[in-house]
Amino acid sequence: MRSDQRNREMKLVRMLDMIFGHLGRLTEITEQLEEMAVRHISYEVYPEDYAVLGEALFYTMRQCLQSRFTPEMEEAWRGVYGLLSDTCIRAAAPYYAQLNADK
């Protein structure tokens, strides 16, 4: 159990590192984001979960960076996260539609 959690944490860190490394060039990682979104369906990640993750990410950034996490910086990161989460939600939408149709 503990190794599974550690594995998930490391995957998150690697994904964030990839995103940070492509700021300003996010279109270069669209395919990886779409593939990740489809994989996350099997983990029961739903579109509404992206908003929760975003808020957790911004909370963590505020806690870690404190006064250095300015309102302007948060606005910029919210814009980036919005693009990323929209990409993931769009990529997974056909699969969610199929799951709902199968119910």
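See the structure shown above.
Residues numbered from 1 in each chain as written. Predicted model: local features only at pLDDT ≥ 70, side-chain atom pairs only at ≥ 80, totals over all residues. Heavy atoms only, no water.

J.: What exactly am I supposed to notice about the packing of helix H2 (residues 30-41) against helix H4 (residues 71-102) here?
T.: A pair of packed helices is captured by two measures, namely the crossing angle of their axes and the spacing between those axes. With their axes 8 Å apart at the nearest point, H2 and H4 run at an angle of 40° to one another. Looking at the two axes, H2 sits oblique to H4. Of the two possible hands of crossing, H2 and H4 adopt the one that is right-handed. The residues of H4 that touch H2, namely those facing Thr30, Leu33, Glu34, Met36, Ala37, Val38 and Ile41, are Leu84, Thr87, Cys88, Ala91, Ala92, Tyr95, Tyr96 and Leu99. (Axes fitted to C-alpha atoms, helices over the stretch in contact; angles between N-to-C directions. Helix = DSSP H or I, 4+ residues; strand = E, 2+ residues; numbered from the N terminus. Parallel < 35°, antiparallel > 145°, perpendicular 65-115°, else oblique. Left-handed = near helix turned anticlockwise from the far one by under 90°. Contact = heavy atoms within 4.5 Å.)

J.: What's the story with unusual backbone geometry in this structure? I'm lost.
T.: Residues apart from glycine generally show negative phi values, whereas peptide bonds are mostly found in trans. Phi is positive for Glu44, close to 60°, though the residue is something other than glycine. Tracing the backbone through its elements, the reader meets Glu44 in the loop between H2 and helix H3 (47-65). Classification of Glu44 by relative accessible area gives exposed; the value is 57%. Of note in the backbone geometry, Gln66 takes a positive phi value of approximately 50° without being a glycine. (Buried < 20%, exposed > 50% of the residue type's maximum accessible area, 1.4 Å probe, protein only.)

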